[in-house]
Amino acid sequence: MTKFEDRLKEGEFVCSECQKCKKLVWPPNDYCSRCFGKVKWRPVSRTGKIIEFSKKDDTVFCIAEFENEIRVMGSLECTIMPVIDQELRLVKCSYNGNEEFVFQLK
Ligand SMILES: [Zn+2]
């Protein structure tokens, strides 16, 4: 299990940031993809926006973007149909062999 998955399991959504060149390393990794420096782990903002969504049966799935760079897929709890670019917030994350993210409209 990676550090990212480990923290996710505890309900924490974190990303890796290079200690040397400050690049946000995404997908998360222990080393920077630009300069191979070591990263530090920090929480990701829980407010993002909808990039794409689709509805299957009664569940809406969406790709959400955080901090203009970090994209993850999850389910969206909503009573109305969302629109692209609409703001959402992360309400739950977990890891159970797969990454699990649950969002709500803001
Ligand atoms: Zn770097």
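On a predicted model such as this, the values are computed, not experimentally measured, just so you know.

Basis of the calculations
- Residues numbered from 1 in each chain as written.
- Predicted model: local features only at pLDDT ≥ 70, side-chain atom pairs only at ≥ 80, totals over all residues.
- Heavy atoms only, no water.
- Donors = N, O, S within 2.8 Å, 3.2 Å for Na, K, Ca; no water.
- Tetrahedral: all angles 85-135°; square planar, octahedral: opposite > 155°, others 65-115°.
- Core = buried A, V, L, I, M, F, W, Y, C linked by side-chain atoms within 4.5 Å.
- Buried < 20%, exposed > 50% of the residue type's maximum accessible area, 1.4 Å probe, protein only.
- Helix = DSSP H or I, 4+ residues; strand = E, 2+ residues; numbered from the N terminus.
- Domains from an automatic or database assignment.
- Salt bridge = Lys/Arg side-chain N within 4 Å of Asp/Glu carboxyl O.

Enquirer: Help me understand the coordination of the zinc ion, please; the structure alone is not making it clear to me.
Expert: When a metal holds four donors in a tetrahedron, each ideal angle between them is 109.5 degrees; when it holds six in an octahedron, the ideal angles are 90 or 180 degrees. Those donors, Cys18 (SG), Cys21 (SG), Cys32 (SG) and Cys35 (SG), are the protein atoms that reach the zinc ion, and they lie 2.2 to 2.4 Å from it. Considering all 4 donor atoms around the zinc ion, the spread of angles at the metal, 98 to 118°, places the coordination shape in the tetrahedral class. Read in sequence order, the donor residues for the zinc ion give the motif C-x2-C-x10-C-x2-C.

Enquirer: Hey, could you run me through the nonpolar core in this one?
Expert: If you look at soluble globular proteins, the nonpolar side chains tend to sit buried side by side. Grouped together as the largest cluster of nonpolar side chains are 27 residues, with contacts concentrated most on Phe13, Phe66, Leu76, Leu88, Phe101 and Phe103. Mapped by element, the contributors of at least two residues to this core are α1 (3-9), β1 (14-18), β2 (24-25), β3 (39-43), β5 (59-66), β6 (70-77), β7 (87-95) and β8 (99-105). Both of domain 1 (3-43) and domain 2 (47-105) provide at least three residues apiece to this core.

Enquirer: Teacher, can you tell me more about the pattern of salt bridges here?
Expert: Note that side chains of opposite charge can pair when their charged atoms are close. Taken as a whole, this structure holds 7 salt bridges when the rule is applied. The partner of glutamate 12 in a salt bridge is arginine 7, and the shortest N-O contact between them spans 3.0 Å. Accessibility expressed as a relative area gives 31% for glutamate 12, which makes it partly exposed. A relative accessible area of 23% places arginine 7 in the partly exposed class.

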